[in-house]
Amino acid sequence: PVPAYPLDPIGELKRYTNWAVQALAPILSRVEIPEPVGDRLFEKLKSLTDSGIPAYEPVGELVRVLPQRAARLSHWLRTALASSNRDIATGGLRGLESWLYGPGSSADNLPNDLLHELGLIIAARRRESLSEALRIAKQVFDKGTDDHQSTIINSTLQGLVYLAEELSYDDEHGAGDVPHLRWRCVQLASSMSEAGFDRRQEVMRWLELGSTDPFPEIRHVTTGDQSGTLLESKPDGLAADEGEVTQDLLPQ
C-alpha cells in the first residue's frame, strides 16, 4: 500500500518552497508592491534561507522594488556567493542569474563586484559551486555585455588554466564529477570563442581537450552541438568504444 503521507515530509516541504521562491521573481517583475510589503518579503526570504531553504532568486526584483535597500540586498547575495555551503552558494548563483537574465531583469543595476564573485568561484575552483558558476559564466559570454565579460574574463581564464590540469582523467582524483565539469568547461570555452576570445590559449586548450575527450557528449560541443547532457560520475571503462552511449544523464 502507498502511504498517505510523504516518506520525507521535510524534503517535500523544501522542494515545494523552492518552487514557490523560483516562481516569485517572474511574478514580481509583473506587479508593483508597496515598500512595506517588499520589506516583509525580504525578511521572509532571509528567514527561509536561514532555515536551510536558499531563497535568492527574487533578489534582483527586490532591488527594483526596494532601491533604498540595494546595498543590503547586494551584500546578502554577495555573502551567499562566497559561501562554502553548496546549497547557499548555488542558490546565490541562481539569484545572480535571475538578476542578470530573469524575467524583467535589469542587469544595469547589478553591482560589478557580484560578477567578480562569479569569476572568483571559477578562479579558485570551488567545487561546491563550480558547475553552476561555469554554466552562468557561459551565459555571460553568450549574451552578456562587453562590460560584464571584461569583468570576469581574467579570473575565468585563470580558472580554466588550472582546471585543465585538475580535471585530467589521468589524475588520481579523475572521477566523480570530473566528466561533468569538463563538459561545462568545454561549453564555456566554446561560448568564449564565439564571443571573440578564440585566440586565447586557455580557450584553445579546452577546445582541443574537448575535441579528443572520450565522451561523445563533450566532443559534440566542439562541433557546435551543446544540446546533450552528461552524467556526473565517471563510469567503469571510461575510454570506451567510439559509439558508446552514456547512461543516467543529468539535466543540463
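Summarised in this report is the structure supplied together with it.

Conventions we followed
Residues numbered from 1 in each chain as written. Predicted model: local features only at pLDDT ≥ 70, side-chain atom pairs only at ≥ 80, totals over all residues. Heavy atoms only, no water. Core = buried A, V, L, I, M, F, W, Y, C linked by side-chain atoms within 4.5 Å. Buried < 20%, exposed > 50% of the residue type's maximum accessible area, 1.4 Å probe, protein only. Helix = DSSP H or I, 4+ residues; strand = E, 2+ residues; numbered from the N terminus. Contact = heavy atoms within 4.5 Å. Salt bridge = Lys/Arg side-chain N within 4 Å of Asp/Glu carboxyl O. Axes fitted to C-alpha atoms, helices over the stretch in contact; angles between N-to-C directions. Parallel < 35°, antiparallel > 145°, perpendicular 65-115°, else oblique. Left-handed = near helix turned anticlockwise from the far one by under 90°. Nonpolar A, V, L, I, M, F, W, Y, C, P; charged D, E, K, R; others polar. Phe/Tyr/Trp six-rings, centres within 6.5 Å; stacked < 30°, edge-to-face > 60°. Lys NZ or Arg CZ within 6 Å of the ring centre and 35° of its normal.

Bringing the nonpolar core into the picture now. Leu45, Leu62, Leu118, Leu134, Met192 and Trp206 are the most contacted members of the largest nonpolar core, which has 63 residues in total. Counting residues per element, this core draws most heavily on helix 9 (residues 178-197), at 9 residues. Ignoring any residue separated from it by four or fewer positions in sequence, one finds Met192 in contact with Phe141, Ile153, Thr156, Leu157, Leu160, Phe197, Asp198 and Val203.

The next thing to look at is unusual backbone geometry. Peptide bonds are trans in most cases, and residues, glycine excluded, mostly fall at negative phi. Despite not being glycine, Arg125 has its phi angle at roughly 55°, a positive value. Residue position: Arg125 is located in the loop between helix 6 (112-123) and helix 7 (130-143).

Let us now look at the pattern of salt bridges. For the coordinates displayed, the defined rule picks out 14 salt bridges. Taking the shortest distance from any N to any O, the salt bridge between Arg69 and Asp39 comes out at 3.1 Å. Taken together, the residues Arg69 in the loop between helix 3 (59-65) and helix 4 (70-81) and Asp39 in helix 2 (residues 35-50) connect sequence positions 30 residues apart. Among the ionic pairs, Arg182 bridges to Asp213, the shortest N-O distance being 2.9 Å. You can see Arg182 sitting in helix 9 and its partner Asp213 sitting in the loop between helix 10 (201-211) and helix 11 (216-221), a full 31 residues away along the chain. The pair Arg182 / Asp213 is uniform in exposure class, with both members buried.

This next bit is on the packing of helix 8 (residues 146-166) against helix 10. Packing of helix 8 against helix 10 brings their axes to within 9 Å, and their N-to-C directions diverge by 40°. The orientation of helix 8 relative to helix 10 falls into the category oblique. Read as a crossing pair, helix 8 and helix 10 show a hand that is left-handed. Between helix 8 and helix 10, the contacting residues are Leu157, Leu160, Val161, Leu163 and Ala164 on the first element and Glu202, Val203, Arg205, Trp206 and Leu209 on the second. Looking at the contact of helix 8 with helix 10 residue by residue, the class counts come to 8 nonpolar, no polar and 2 charged.

This part covers the packing of helix 2 against helix 4. In the contact formed by helix 2 and helix 4, the axes pass within 13 Å of each other and the chain directions differ by 15°. With respect to helix 4, the element helix 2 is oriented roughly parallel. Of the two elements, helix 2 crosses helix 4, and the hand of that crossing is left-handed. Judged by residue contacts, Phe42, Glu43, Leu45, Lys46 and Thr49 of helix 2 engage Arg72, Leu73 and Trp76 from helix 4. Of the residues that constitute the contact of helix 2 with helix 4, the class distribution is 4 nonpolar, 1 polar and 3 charged.

Using the criterion set out here, one finds 4 aromatic pairs in the structure. Between Phe141 and Phe197, the ring centres sit 5.6 Å apart and the planes meet at 85°, which makes this aromatic pair edge-to-face. Linking Phe141 in helix 7 with Phe197 in helix 9, this pair joins segments that are 56 residues apart in sequence. Like Phe197, Phe141 is buried. Ring plane angle 45° and centroid distance 6.5 Å describe the contact between Tyr169 and Phe215, whose orientation is recorded as tilted. Taken as a pair, Tyr169 in the loop between helix 8 and helix 9 and Phe215 in the loop between helix 10 and helix 11 lie far apart in primary sequence, 46 residues in all. Take Tyr169 and Phe215: they sit in the same class, and that class is buried. Among the aromatic residues, those joined into a cluster by ring pairs are Phe42, Tyr56 and Trp76. The side chain of Lys46 reaches across the aromatic face of Phe42, ending 5.0 Å from its centre. Lying over the aromatic face of Tyr169, Arg182 brings its terminal NZ or CZ to 4.2 Å of the ring centre.

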